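Observations on the model geometry
So you can see what is in the structure, the chains are spelled out below.
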Amino acid sequence: MGYPDTFEGFAVDTPKKMADFDIDIKIEACDVCGSDVHTITGGWGDALFPLVVGHEIVRKVVNTGSKVTTMKKGDRVGVGAQIWSCLKCNVCKQHNENYCPHQVDTYGAPYPDGTITQGGYASHIRVHEHLTFKVPDGLKSSIVAPMLCTSLTTFNPLNRNNIAPFCSGGLGHFALMWINALGAEAYALSHTPEKKSDALALWAKESINTTQENWAEPWKFRFDMTISTVDVTNHLSLPDYFSTLVVHGKFWNLGRPGKPLLEIKAFDFSSNGAFIGGSHIGNREEMQEMMELAAEKGIKSWDEEIQVGEEGCKEAVERLKDNKVRYRFTLTGFDKVIGAWGFGIPETLGFGFGSCGFSEAQN
């Protein structure tokens, strides 16, 4: 008899119990993010395996630490791509905890004591209360899940750059919806012409085909800000995008391809004094403001629900990798799987679903 390709067992993560400001969450929905694919395939480098991925998580609080004041048992909450920051450094004190030099990502990152975080393809997760957010009653959990990283990442630069009175360019279905919700005009710059009808349905004023020769010529000095949410920025001719910006306009890069961007020359910024920048998710205030705006304006992600489990995780990750999604996957049905296990609230969290095969791993 041979042996299997994967091994399964029960692990003890740590002997430590819940800290004063910790919150335990029983998971109901978890979005499948491009970050999961990059991590699984090694596109962003080596990860600390074995690993439970998933960092856009929704459900109710089942336990709280002794000093938690922002949440109580039974509250429906969301968790994004970050679960801890020091809250003591100058960065955190300026309400920029999403840039904290000591921040801890939701999965695959070490806590100060060396414990590696595990994500939301799981039964429960433990999070610091400051990085846990109440979900408005009017929002369905499967709709909220994709907002907790992907949507916040697009909302953050719009919010911080006072986009409301601007004419703006943007990519990504969340970016288009937020631009309009904030009172601006949205234009979709797309290298996928067949998505034009989707862009218009998402309130884009026009969809611009960037695969056409000299596509940028009619749009020079037009946009105050362009948000790139694609994962292929390394293939883009960035000077063309810079040329569409007004004087001192901004190109905000949110996509994180696994390869370096194409060469950029100093002259590429000179004709209009363009800026290039980026950002990392958002802070607590922005998360709550975003969800309240979503409830007020009826903002909903275009998502497809997939039953969580080994087959469901495999399907969602592989389809996302192959770009066979419009435009998010949310893993749901956790109770169908976890309910059969019949355990209570554990002292330590991070229970995964065993092995989840993924074909054609790439570097």
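Residues numbered from 1 in each chain as written. Predicted model: local features only at pLDDT ≥ 70, side-chain atom pairs only at ≥ 80, totals over all residues. Heavy atoms only, no water.

Brief notes about the pattern of salt bridges
Considering all chains together, one arrives at 17 salt bridges under this definition. Note that Glu318 and Lys314 form a salt bridge whose closest N and O atoms lie 3.2 Å from each other. Here the residue Glu318 and the residue Lys314 both occupy positions in helix α9 (residues 310-321), the gap between them amounting to 4 residues, near one helical turn. You can call Glu318 buried: its relative accessible area is 18%. Notably, a salt bridge pairs Glu315 with Arg319, separated by 3.0 Å at the nearest N-O pair. With Glu315 and Arg319 both in helix α9, this residue pair falls 4 residues apart, about one helical turn. Residue class for Arg319 comes out partly exposed when judged on its relative accessible area of 23%. Through salt bridges with shared partners, one network takes in Lys26, Arg59 and Asp335. (Salt bridge = Lys/Arg side-chain N within 4 Å of Asp/Glu carboxyl O. Helix = DSSP H or I, 4+ residues; strand = E, 2+ residues; numbered from the N terminus. Buried < 20%, exposed > 50% of the residue type's maximum accessible area, 1.4 Å probe, protein only.)

Quick notes on helix α1 (residues 34-41)
Across the 8 residues that make up α1, a large majority, 6, are buried. Where α1 is concerned, the buried positions are Ser35, Asp36, Val37, His38, Thr39 and Thr41. The secondary structure elements touched by the buried residues of α1 are β2 (29-32) and α9. Of the residues flanking the end of α1, it is Gly42, one or two places downstream, whose phi is positive at about 80 degrees. (Contact = heavy atoms within 4.5 Å.)

A short note on the packing of aromatic side chains
Going through the model one piece at a time under the given rule, you end up with 8 aromatic pairs. For the ring pair Tyr241 and Phe251, a centre distance of 6.1 Å and an interplane angle of 70 degrees mean the geometry is edge-to-face. Separated by 10 residues along the polypeptide, Tyr241 in helix α7 (residues 238-243) and Phe251 in strand β13 (residues 245-253) bring together distant segments of the chain. Both residues of the pair, Tyr241 and Phe251, count as buried. Through successive ring pairs, a cluster of aromatic residues spans Trp215, Tyr241, Phe242, Phe251 and Phe269. (Phe/Tyr/Trp six-rings, centres within 6.5 Å; stacked < 30°, edge-to-face > 60°.)

As for the packing of helix α4 (residues 150-160) against helix α5 (residues 173-181)
Following both chains from N to C, one finds α4 and α5 inclined at 40 degrees, their axes separated by 9 Å at the closest point. By the angle between their directions, the pair α4 and α5 is classed as oblique. When the axes of α4 and α5 are compared, the crossing they make is right-handed. Residues Thr150, Ser151, Thr154, Phe155 and Leu158 of α4 lie in contact with α5, whose contacting residues are Phe174, Ala175, Trp178 and Ile179. Taken together, the residues of the contact of α4 with α5 sort by class into 6 nonpolar, 3 polar and no charged. (Axes fitted to C-alpha atoms, helices over the stretch in contact; angles between N-to-C directions. Parallel < 35°, antiparallel > 145°, perpendicular 65-115°, else oblique. Left-handed = near helix turned anticlockwise from the far one by under 90°. Nonpolar A, V, L, I, M, F, W, Y, C, P; charged D, E, K, R; others polar.)

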